[in-house]
Amino acid sequence: MTSSTIEAPRSPRPVARKRRVNWEKWGWLYMRGSGVLLIVLIAAHLFTNLIAGQGGVKAIDFAFVGGKWSNPFWKVWDTLLLWLALIHGSNGMRTIVNDYVSNPKVRKTMLIALLASSVVLLLLGTLVIYTFDPCPAGSLPSDLPSFCPAQ
Ligand code: HEM
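Described below are features of the structure shown in this document.

Criteria and thresholds
- Residues numbered from 1 in each chain as written.
- Predicted model: local features only at pLDDT ≥ 70, side-chain atom pairs only at ≥ 80, totals over all residues.
- Heavy atoms only, no water.
- Near = heavy atom within 4 Å.
- Polar contact = N/O pair within 3.5 Å; in protein donor to acceptor, adjacent residues only side chain to side chain.
- Helix = DSSP H or I, 4+ residues; strand = E, 2+ residues; numbered from the N terminus.
- Nonpolar A, V, L, I, M, F, W, Y, C, P; charged D, E, K, R; others polar.
- Contact = heavy atoms within 4.5 Å.
- Disulfide = S-S within 2.5 Å.
- Donors = N, O, S within 2.8 Å, 3.2 Å for Na, K, Ca; no water.
- Salt bridge = Lys/Arg side-chain N within 4 Å of Asp/Glu carboxyl O.
- Buried < 20%, exposed > 50% of the residue type's maximum accessible area, 1.4 Å probe, protein only.
- Phe/Tyr/Trp six-rings, centres within 6.5 Å; stacked < 30°, edge-to-face > 60°.
- Lys NZ or Arg CZ within 6 Å of the ring centre and 35° of its normal.

The ligand sits among Met31, Arg32, Gly35, Leu38, Ile39, Ile42, Ala85, His88, Gly89, Gly92, Met93 and Thr95. Histidine 88 has a polar side-chain atom sitting 2.8 Å from a nitrogen atom of the ligand. Listed by contribution, the elements that provide at least two residues to the shell around the ligand are α1 (23-52) and α3 (72-100). Taken together, the residues of the shell around the ligand break down into 6 nonpolar, 5 polar and 1 charged.

Now the structure itself:
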């Protein structure tokens, strides 16, 4: 009878070259770190948008967003929320694709599509936050935040 040795469950996966960056480990750590930060970011986001103003979801309109993004604090907050959640979500999707898509060509196509869509959404989202004009010319005053000059 032959015997074989089973590695301890937590042994690191053998890598071809030594001292290579272990991206899977950093991805694993990123999911935990961003998860903790997202709890704080999402809780404050929901509280200020839905509870603090007392108007609930019905109070969220153009003027509300314009008012919020006139404050650099909320711009940075929303940028962090966008980047951390989008990278968290797409890295999580990458894990799911790697786990369930067995055809290498389909898997590669899905991973490239995931990367491309994430990059586009990150760039567009960041562009929107930092180029947003709360007082666009020609708008109805009733649609705009109160600090906009009368047109
Ligand atoms: C309170 C906020 C959040 C916390 C604490 C959190 C935490 C986590 C953790 C710890 C994992 C890793 C699970 C594992 O490896 O088994 C994970 C996976 C994942 N998360 Fe989040 N997350 C949060 C928000 C989000 C958001 C906003 C999205 C979408 C944009 C998202 C999408 C995913 C996906 C797709 C996975 C992969 C699931 C899997 O591996 O089966 N999460 N999350």
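Here the narrative resumes.
Moving on to the side chain of threonine 79. Secondary-structure assignment places threonine 79 in helix α3. Polar side-chain contacts of threonine 79 include one of 2.8 Å to the side chain of tyrosine 130. Those residues in contact with threonine 79 that lie beyond four places of it in its chain are Ile129 and Tyr130.

Here we come to the state of the cysteines. Put plainly, two cysteines are in a disulfide when a covalent bond ties their sulfur atoms together. By the definition in use, this model includes 1 disulfide. Two residues share a disulfide in this structure: cysteine 135 and cysteine 148, whose sulfurs sit 2.1 Å from each other. Torsion about the S-S bond of the cysteine 135 and cysteine 148 cystine: about -85°, corresponding to left-handed handedness. Highlighted residues: cysteine 135 in the segment after α4 (104-131) and cysteine 148 in the segment after α4, separated in sequence by 13 residues.

Next up on the list: the coordination of the iron atom of the ligand. One donor from the polypeptide reaches the iron atom of the ligand: His88 (NE2), at 2.0 Å. Among the secondary structure elements, histidine 88 is positioned in helix α3.

In this section: the pattern of salt bridges. Note on pairing: side chains with opposite charge can pair once their charged atoms come close. Inspection of every chain in the model, using the stated rule, returns 1 salt bridge. Across the pair glutamate 24 and arginine 94 runs a salt bridge whose closest N-O atoms are separated by 3.0 Å. Of the two residues, glutamate 24 is situated in helix α1 and arginine 94 in helix α3; the sequence distance between them amounts to 70 residues. Residue class for glutamate 24 comes out partly exposed when judged on its relative accessible area of 43%. Look at arginine 94 and you get partly exposed, because its relative accessible area is 24%.

Inspection of every chain in the model, using the stated rule, returns 5 aromatic pairs. Aromatic pair phenylalanine 73 and tryptophan 77: ring centres 5.5 Å apart, planes at 35°, arrangement tilted. Residue phenylalanine 73 and its partner tryptophan 77 are both found in helix α3; the two are separated by 4 residues, about one turn of the helix. Of the residues examined, phenylalanine 73 reaches a relative accessible area of 47% and is grouped as partly exposed. Aromatic side chains tryptophan 74 and tryptophan 77 sit 5.6 Å apart centroid to centroid with 65° between the ring planes, which places their arrangement in the edge-to-face category. In this pair, tryptophan 74 and tryptophan 77 are both assigned in helix α3, 3 residues apart and thus about one turn of the helix distant. For the residue pair tryptophan 74 and tryptophan 77, the accessibility class agrees, reading buried in each case. Three or more aromatic residues joined by ring pairs form one cluster here, namely Phe62, Trp69 and Phe132. Positioned over the ring face of tryptophan 28 is arginine 32, at 4.0 Å from the centre of the ring. Over the ring of tryptophan 74 we find lysine 68; its NZ or CZ atom is 4.4 Å from the centre of that ring.

Just distances and angles here, no functional claims.
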